[in-house]
2 protein chains.
Amino acid sequence: MSIFSYLLPKKEKSASVAKERLQIIVARERSTRGGPDYLPQLQEELLMVVRKYVPVDQDAVNVQMDRESGCEILELNITLPEQE
Amino acid sequence: MSIFSYLLPKKEKSASVAKERLQIIVARERSTRGGPDYLPQLQEELLMVVRKYVPVDQDAVNVQMDRESGCEILELNITLPEQE
């Protein structure tokens with residue numbers, strides 16, 4: 001099984017709308033020394049970069065933040081509007 | 001099994017150096033209409049954003065681009081320098 005099975009897992013099919021989705025995952029392995037937590041600010045700036053290329057509505061972004069065994073995981077799921 | 005098993009899988013342990021790693025994965029589900037491929041430019045800009053928060057050497061970045069079943073996957077693996 002590859003990582004592809006986990007990326008973009010929820011496929012929404014619609015007869016009339018072909019939506020495009022973008023998923024950004026940032027995983028940070030924290031060193032034992034810690035250091036500042038910059039993921040929340042990073043998240044905002046990543047979205048600003050994505051907006052240069054595609055239009056993104058604020059309510060089309062789903063954000064999740066998780067922690068597990070020394071890792072911080074930031075997950076952004078973005079539904080892009082239908083292209084004209 | 002969760003996605004955490006696939007993120008940051010190669011753990012390097014060293015007695016003297018505690019390195020921190022950052023992994024960024026961008027998955028783009030392409031609509032049937034296609035559209036411009038902006039992932040290479042996006043990759044450069046994402047790195048510029050990350051550099052605002054942590055120092056990143058050019059040779060500390062490993063980039064992979066994959067395609068599978070209608071998905072484009074951009075993977076950036078960054079080894080951060082040891083904190084002072």
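Calculation criteria
Per chain, residues are indexed from 1 in the order of the written sequence. Labels follow written order: the first chain is A, the first ligand is 1, and so on. For a predicted model such as this one, the threshold for reporting local features is a pLDDT of at least 70, and the threshold for listing and counting side-chain atom pairs is 80 or more; totals across whole chains, interfaces and linings nevertheless cover every residue. Just so you know, side-chain values use all the structure's heavy atoms and leave hydrogens and water out. Here an angle of 0 to 180 degrees is reported between the N-to-C directions of two axes, which are lines fitted to C-alpha atoms, with helices fitted over the stretch in contact. Numbering goes from the N terminus for both helices and strands, where a helix is a DSSP run of H or I of at least four residues and a strand is a run of E of at least two. Roughly parallel covers angles under 35 degrees, roughly antiparallel covers those over 145, roughly perpendicular covers 65 to 115, and oblique covers all other angles. Helix crossings are classified by the rotation of the near helix relative to the far one: an anticlockwise turn of less than a right angle makes the crossing left-handed, while a clockwise turn makes it right-handed. Throughout, a residue-residue contact means that at least one pair of heavy atoms, one from each residue, lies within 4.5 Å. Basic side-chain nitrogens of Lys or Arg form a salt bridge, by our definition, when they fall within 4 Å of a carboxyl oxygen of Asp or Glu. Residue burial is assigned from relative accessible area. The probe radius is 1.4 Å, only protein chains are included, and a residue is buried under 20% of its type maximum, exposed over 50%, and partly exposed in between. The definition of a polar contact used here is a pair of N or O atoms within 3.5 Å, where within protein one atom must be able to donate a hydrogen and the other to accept one, and adjacent residues in sequence count solely through side-chain atom pairs. At least two bridges found by DSSP between two strands is the condition for calling them paired.

### A word on the packing of helix α1 (residues 39-53) of chain A against helix α1 (residues 39-53) of chain B
Where α1(A) contacts α1(B), the axes come no closer than 10 Å and their chain directions differ by 155°. For the element pair α1(A) / α1(B), the angle class is roughly antiparallel. Of the two possible hands of crossing, α1(A) and α1(B) adopt the one that is right-handed. Of the residues in α1(B), those in contact with Gln41(A), Leu42(A), Glu45(A), Leu46(A), Val49(A), Val50(A), Lys52(A) and Tyr53(A) of α1(A) are Gln41(B), Leu42(B), Glu45(B), Leu46(B), Val49(B), Val50(B), Lys52(B) and Tyr53(B).

### Some details on the pattern of salt bridges
Counted by the stated rule, this structure contains twelve salt bridges over all chains. The closest approach of N and O atoms between Arg21(A) and Glu29(B), which form a salt bridge, is 3.3 Å. Taken as a pair, Arg21(A) in strand β1 (residues 20-29) and Glu29(B) in strand β1 (residues 20-29) lie in two separate chains rather than in one. By relative accessible area, Arg21(A) is classed as buried at 12%. Assessed through its relative accessible area of 11%, Glu29(B) is described here as buried. Notably, a salt bridge pairs Arg67(A) with Glu72(A), separated by 3.0 Å at the nearest N-O pair.

### Quick word on the environment of Gln23(A)
Residue and element names in this part refer to chain A. When you line up the elements, Gln23 lands in strand β1. Since its relative accessible area comes to 2%, Gln23 is described here as buried. Residues Gln23 and Ile78, 55 residues apart in the sequence, show an inter-C-alpha distance of 6.1 Å. Reaching out from Gln23, the side chain makes a polar contact with the side chain of Glu75 at a distance of 3.3 Å. Polar side-chain contacts of Gln23 include one of 3.0 Å to the side chain of Asn77.

### Some points on the pairing of β1(A)
Look at any regular strand and the pattern is simple: side chains alternate between the two faces of the sheet. Most of β1(A) sits out of view: ten of its ten residues are buried. Side chains of β1(A) alternate between two faces, with Glu20(A), Leu22(A), Ile24(A), Val26(A) and Arg28(A) and Arg21(A), Gln23(A), Ile25(A), Ala27(A) and Glu29(A) buried alike. As defined by bridge partners, β1(A) adjoins strand β3 (residues 71-80) of chain A across ten bridges and the pair is classed as antiparallel. Its bridge partner lying in β3(A), Ile24(A) is registered against Leu76(A). Here β1(A) pairs with β1(B) via nine bridges, running antiparallel. Bridging across to β1(B), Leu22(A) finds its partner in Arg28(B).

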